[in-house]
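Breakdown of the fold
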Amino acid sequence: YDSLHGLKLEDALIDALDDKCVPDEVLQDMDVREAKAMSPCADSGTTVPPHLRNMALEFLATLAHETRLPQSTWFQMVAILDVYCRRHKHADTVSRLPATCIALVRMLRKVDKARLIERVLPRGDILNQEEASLLESLDWTIAFPSIESWLSTYCTRFNVLTQ
């Protein structure tokens, strides 16, 4: 039984969803993680004006391209930046946005286990501090559901259910 959608699924379909790693439990987990990340109680951070957010996203896109960060991480970067801005409680969120973007890309490059291009992502105390601030504000969690992860999961489920 698909508890999210009120459908009765056959065992074969349930097994097929499990084989593709998209069972009901994945959707439920993503729903809980997204609700926790974007909950009103987490909304104690600084509101970033839309035009500054757009500039930060353009900067992130440029950094990701220059460092050859996989395109698949784009939506993850956006989700992390949004959650960080909602949670970061210091008044300097906006002024440190460029350092935050660089620290975010550096952090995701580490996860990707790829070599940093030092001329694009310089080292420095402020970047190390910003990376630590990112991780602390995010409760050391960098895997938030994004538009891409929701769509990918639902598309995979749809493919399984329509075969």
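Anyway, here's the lowdown on the structure attached to this text. Values in this document were obtained by computation on a predicted structure and should not be read as measured data.

Glancing now at the pattern of salt bridges. A complete count under the given rule lists 2 salt bridges for this structure. Between aspartate 24 and arginine 157 there is a salt bridge, and its shortest N-O distance comes to 2.9 Å. Placement of the pair is aspartate 24 in helix 2 (residues 24-37) and arginine 157 in helix 7 (residues 147-161), with a sequence separation of 133 residues. Taken individually, aspartate 24 and arginine 157 each receive the classification buried, so the pair is uniform in this respect. Note that arginine 53 is salt-bridged to aspartate 82, the shortest N-O span being 2.8 Å. Of this pair, arginine 53 sits in helix 3 (residues 50-66) while aspartate 82 is found in helix 4 (residues 74-87), placing the two residues 29 residues apart along the sequence. Judged by relative accessible area, arginine 53 falls into the partly exposed class, the value being 28%.

What follows concerns the side chain of threonine 153. As for its position among the elements, threonine 153 is in helix 7. The contact partners of threonine 153, leaving out residues within four places of it in the chain, are Val22, Val26, Leu27 and Met30.

Parameters at a glance
Residues numbered from 1 in each chain as written. Predicted model: local features only at pLDDT ≥ 70, side-chain atom pairs only at ≥ 80, totals over all residues. Heavy atoms only, no water. Salt bridge = Lys/Arg side-chain N within 4 Å of Asp/Glu carboxyl O. Helix = DSSP H or I, 4+ residues; strand = E, 2+ residues; numbered from the N terminus. Buried < 20%, exposed > 50% of the residue type's maximum accessible area, 1.4 Å probe, protein only. Contact = heavy atoms within 4.5 Å.

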